[in-house]
Amino acid sequence: MSESGFALHPRLAEDCLVLGDLPLCRVLLAKDGRYPWLILVPRRPCIREIHWLEEKDQLQLMRESCALARLLERTLSPDKINVAALGNMVPQLHLHHLARFTTDDAWPGPVWGRHPAQPYAEPEQQARQWRLRLAGLDGFTPA
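Residues numbered from 1 in each chain as written. Predicted model: local features only at pLDDT ≥ 70, side-chain atom pairs only at ≥ 80, totals over all residues. Heavy atoms only, no water.

### A word on the packing of aromatic side chains
The description of two aromatic rings rests on the distance between their centres and on the angle between their planes. Short version of the rule: Between the rings of Phe, Tyr and Trp (Trp by its six-membered ring), a pair exists once the centres lie within 6.5 Å; its type follows the angle of the planes, with under 30 degrees stacked, over 60 edge-to-face, and the other angles tilted. Each helix is a run of DSSP H or I of at least 4 residues and each strand a run of E of at least 2, with the numbering of both proceeding from the N terminus. Each residue is assigned to one of three classes by its accessible area relative to the maximum for its type, calculated with a 1.4 Å probe on protein chains only: buried under 20%, partly exposed between the two thresholds, exposed over 50%. Cation placement over rings: the criterion is NZ of Lys or CZ of Arg within 6 Å of the ring centroid and within 35° of the ring normal.
Under the counting rule described, the total for this entry stands at 2 aromatic pairs. Residues W37 and W112 carry aromatic rings whose centres are separated by 5.9 Å and whose planes lie at 80° to one another, so their mutual orientation is edge-to-face. Remark: W112 occurs in the loop between β5 (95-100) and α3 (123-134) and W37 occurs in strand β3 (residues 37-42); sequence separation between them is 75 residues. For W37, a relative accessible area of 9% translates into the label buried. According to the relative accessible area criterion, W112 is partly exposed, its value standing at 35%. Here the aromatic cluster, defined as three or more aromatic residues joined through ring pairs, consists of Y35, W37 and W112. The aromatic ring of W130 is capped on one face by R133, whose charged end is 4.4 Å from the ring centroid.

### Let's talk about the sheet that holds β3
Test applied: Criterion used throughout: strands pair if DSSP finds at least two bridges between them. Any two residues whose heavy atoms approach within 4.5 Å are treated as being in contact. Helix axes use the C-alpha atoms of the stretch in contact, all axes being lines fitted to C-alpha atoms, and the angles between their N-to-C directions lie in the range 0 to 180 degrees.
Across the sheet, which stays open at both edges, the 6 strands sit in the order β4-β5-β3-β2-β1-β6 with antiparallel pairing between neighbours. Every interior strand has two partners, whereas the edge strands, β4 (80-84) and β6 (141-142), have only one. As paired elements, β4 and β5 share 5 bridges and run antiparallel to each other. Bridge pairing in β5 places N82 opposite L98. Against the sheet, helix α2 (residues 55-76) contacts β2 (25-30), β3, β4 and β5, and its axis sits at roughly 20° relative to β5. α3 rests against β1 (16-21), β2, β3 and β6 of the sheet, and its axis sits at about 25° to β1.

### Comments concerning the environment of D32
Looking at the secondary structure, you find D32 in the loop between β2 and β3. On a C-alpha basis, the gap between D32 and T102 in space is 18 Å, while along the polypeptide they are 70 residues apart. Those residues in contact with D32 that lie beyond four places of it in its chain are W37, A117, Q118 and Y120.

### Some points on the nonpolar core
For clarity, the cut-off: Only buried residues count toward a nonpolar core. Its members are Ala, Val, Leu, Ile, Met, Phe, Trp, Tyr and Cys residues joined through side-chain atoms within 4.5 Å.
Formed by 27 residues in total, the largest nonpolar core has its most connected members in L19, L134 and L137. At the level of secondary structure, the elements contributing two or more residues to this core comprise β1, β2, β3, α2, β5 and α3. Not counting residues within four places of it along the chain, the set of residues in contact with L134 comprises L19, V27, L68, L71 and F140. Counting residues in hydrophobic clusters, the runner-up holds 14 residues, among them L8, L12, V41 and A106.

### Describing the pairing of β3
The buried fraction of β3 amounts to 6 of the 6 residues, a majority that puts the element mostly inside the structure. Neither face of β3 is left uncovered, since the one carrying W37, I39 and V41 and the one carrying L38, L40 and P42 both have all their residues buried. As paired elements, β2 and β3 share 5 bridges and run antiparallel to each other. Along β3, the bridge assignment pairs R26 with V41. Counting the residues that bridge the hairpin from β2 to β3 gives 6 residues.

See below:
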């Protein structure tokens, strides 16, 4: 399956900055400065669930997810990495990757709905910093 017909869900487009692309996924930065929060969105149209992807794409999604989690771990040394594919508000398949710390304001609970999003003071600077970190991932193309 190709990415022809792929479009980012409007809610993701509104709530995130596009950092670039990995071989399968668009990489987003959530516009919430409270937490290091990246999101992977497979560039496939009309996909809501991981098991709807072709097997090769399922494996690629797992590779990219693990690479992103390792990057968060290596660069931030969090206490925990949370990876989730909920999709209750946004049906388009997307995987959240959050670096969590025992000192964050939602610990140990979930971050969703806990506090209003805290916008970045300089969102483009944050995006540039993340693009530099992501540059080491195999196949990353910055936006």
